Amino acid sequence: MDELDRRIVNALQGGFPICERPFAVAAEGLGIEEATLIARLAALREAGVLSRFGPLWKAEGLGGAVTLAAMAVPPDRFEAVTALVNAHPEVAHNYERTHRLNMWFVLATETPQGIDAAIQAIEAETGIPVLNMPREAEYHVGLRLEA
Amino acid sequence: MDVTATERALLAALADGLPLHPRPFAALGERLGLSEAEALETLRGLQERGVVRRFGVVVRHHELGYRANAMVVWDVPDAQVEAAGRVLAAAPGITLCYRRPRRPPDWPYNLFCMIHGRDRAAVLRALDWAAESAGLREIPREVLFSGRRFKQRGAVFGPASAGEGTWTSSTAAS
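Residues numbered from 1 in each chain as written. Chains lettered and ligands numbered in written order. Predicted model: local features only at pLDDT ≥ 70, side-chain atom pairs only at ≥ 80, totals over all residues. Heavy atoms only, no water.

(A) Geometry of the overall build of chain A. Within chain A one finds five helices and six strands. Relative to its full complement of 147 residues, chain A shows a buried share of 55%. Put simply, of all contacts in chain A between residues at least 6 apart along the chain, 61% involve residues at least 24 apart. Split by element, the accessible area of chain A, about 6,000 Å² in all, is 52% carbon and sulfur. (Helix = DSSP H or I, 4+ residues; strand = E, 2+ residues; numbered from the N terminus. Buried < 20%, exposed > 50% of the residue type's maximum accessible area, 1.4 Å probe, protein only. Contact = heavy atoms within 4.5 Å. Areas by Shrake-Rupley, 256 points an atom, 1.4 Å probe, with all protein chains shown as cover.)

(B) Structural context of helix α1 (residues 3-13) of chain A. Three or more residues of α1(A) are buried, namely Leu4(A), Asp5(A), Ile8(A), Val9(A), Asn10(A), Leu12(A) and Gln13(A). Structurally, the start of α1(A) carries an N-cap: the backbone nitrogen of Leu4(A) is 3.1 Å from a side-chain oxygen of Asp2(A). (Polar contact = N/O pair within 3.5 Å; in protein donor to acceptor, adjacent residues only side chain to side chain.)

(C) Spotlight on the nonpolar core. Ranked by size, the top nonpolar core spans 36 residues in total, and within it Ile8(A), Leu12(A), Leu37(A), Leu41(A), Phe25(B) and Leu43(B) carry the most contacts. Counting only elements with at least two residues in this core, the list comes to α1, α2 (22-30), α3 (34-46) and β1 (50-57) of chain A together with α1 (5-13), α2 (24-32), α3 (36-48) and β1 (52-59) of chain B. Val76(B), Val81(B), Ala89(B) and Ala126(B) belong to the second-largest nonpolar core, a separate cluster that totals 26 residues. (Core = buried A, V, L, I, M, F, W, Y, C linked by side-chain atoms within 4.5 Å.)

(D) Structural view of the packing of α1(B) against α3(B). Residues and elements named next belong to chain B. Where α1 meets α3, the axes come as close as 10 Å, and the angle between the chain directions of the two elements is 95°. Relative to α3, the element α1 lies roughly perpendicular. In contact with Thr 6, Glu 7, Leu 10 and Leu 11 of α1, α3 contributes Ala 39, Thr 42, Leu 43 and Leu 46. Taken together, the residues of the contact of α1 with α3 break down into five nonpolar, two polar and one charged. (Axes fitted to C-alpha atoms, helices over the stretch in contact; angles between N-to-C directions. Parallel < 35°, antiparallel > 145°, perpendicular 65-115°, else oblique. Nonpolar A, V, L, I, M, F, W, Y, C, P; charged D, E, K, R; others polar.)

(E) Summary view of the pattern of salt bridges. Per the stated rule, a full pass over the model turns up 15 salt bridges over all chains. Taking the shortest distance from any N to any O, the salt bridge between Glu138(A) and Arg135(A) comes out at 3.9 Å. What makes Arg135(A) partly exposed here is its relative accessible area of 24%. The residue Arg102(B) makes a salt bridge to Asp78(B) at a minimum N-O spacing of 3.0 Å. Residue Arg102(B) is found in the loop between β3 (94-99) and β4 (111-117), and its partner Asp78(B) is found in helix α4 (residues 78-90); the two are separated by 24 residues along the sequence. (Salt bridge = Lys/Arg side-chain N within 4 Å of Asp/Glu carboxyl O.)

(F) Here's a closer look at the packing of aromatic side chains. If you walk through the whole model with that rule in mind, you get five aromatic pairs over all chains. Where Trp107(B) meets Tyr109(B), the ring centres are 5.0 Å apart and the plane angle is 75°; that geometry is what we call edge-to-face. Sitting over the ring of Tyr95(A), Arg97(A) keeps its end group 5.2 Å from the ring centre. (Phe/Tyr/Trp six-rings, centres within 6.5 Å; stacked < 30°, edge-to-face > 60°. Lys NZ or Arg CZ within 6 Å of the ring centre and 35° of its normal.)

(G) Broad picture of α2(A). Residue and element names in this part refer to chain A. Those residues of α2 that sit buried are Pro 22, Phe 23, Ala 26, Ala 27 and Leu 30. Burial along α2 is one-sided: seen end-on, the buried residues are contained in an arc of 125°. Exposed residues on α2 whose side chains face more than 90 degrees from its buried face are Glu 28 and Gly 29. Note on α2: the residue one or two positions beyond its end, Gly 31, has a positive phi of about 75°. (Arc of directions from axis to C-beta.)

(H) Structural view of the environment of Thr67(A). Residue and element names in this part refer to chain A. When you line up the elements, Thr 67 lands in strand β2 (residues 65-71). A C-alpha to C-alpha distance of 7.5 Å links Thr 67 and Ile 115, two positions 48 residues apart in sequence. Setting aside residues up to four positions removed in sequence, Thr 67 forms contacts with Phe 105, Val 106, Leu 107, Ile 115, Asn 132, Met 133 and Pro 134. Within polar-contact distance, the side chain of Thr 67 engages the side chain of Asn 132 at 2.6 Å.

(I) Expanded view of the side chain of His116(B). Residues and elements named next belong to chain B. Tracing the backbone through its elements, the reader meets His 116 in strand β4. Given the relative accessible area of 5%, His 116 is considered buried. At a separation of 3.0 Å, a polar atom in the side chain of His 116 contacts the side chain of Thr 95.

(J) Structural view of the pairing of β3(B). Taking burial as the measure, the six residues of β3(B) include five buried ones, the bulk of the element. Bridge analysis of strand β6 (residues 137-138) of chain A against β3(B) gives two bridges, and the strand direction is antiparallel. Looking at β3(B), one finds that Ala137(A) is bridged to Arg99(B). Here β3(B) pairs with β4(B) via five bridges, running antiparallel. From the neighbouring strand, Cys97(B) faces β4(B), where its bridge partner is Cys113(B). (Pairing = 2+ DSSP bridges.)

What is shown is where atoms sit, not what they do.
The following block contains the structure:
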């Protein structure tokens, strides 16, 4: 990544115009050509720096539900339990963490009932209790990282 | 919140991202049998109603050099949690901040925040500053650094719809 890539990533994390020629508008703000911006974004996506370029929306807005769940997985079973958990399409991402509760994953389902169903299925398959910790309040929106 | 079939189709088409094309909404509309104006209007409507919360790039923090992240959790008295959460959310390095239910006896914590940094030392420095500014220095807490990352994708909501930056609303664990 060079200086221009960094500027692009920093500028576009905050937002992107919704209009006929959005790349032209964003490029103007950056002082570059539209074609340059498009080419840079394509390269950043290819390199894996950008996972997506588009809208972020709320699952709840589409009638879905999201929660954070945690399990205390015995270390010798960690790989096997990971495979069982990740096989569920409702599992959006899954992190190992430094705690007795060592597996933390996000569940996203099409309906609120889907959360309970997924948790029950994971508990039945693994024999390990799942703690369900849905968001009750949010104090900040948006993940923004300086490149 | 009701979402129309057109809105769902548009969001599904955007699940892989906006076409990198000078007229991206025309390209998108073409796929869906919508005019450029209709595609734009639909997206603006979703944004006005708060279904789409923002439009922009989604970065992969690891690829960007943010190799460390910690979930920091606190057991804050209920009367204080909102004020503390607001201050914490605004502190440098804090990317997300949520109140969640305690799950005693296993889990006494009700305030969760994510801190991203280039390494663990940077995360801990940010934590130090955030705890001080939010008045949380004496509040019981734990720091859970991430180890392996097994999955990171936008959540999928079935064939007719898709996506969500798990980065935002569901990214508690990222």
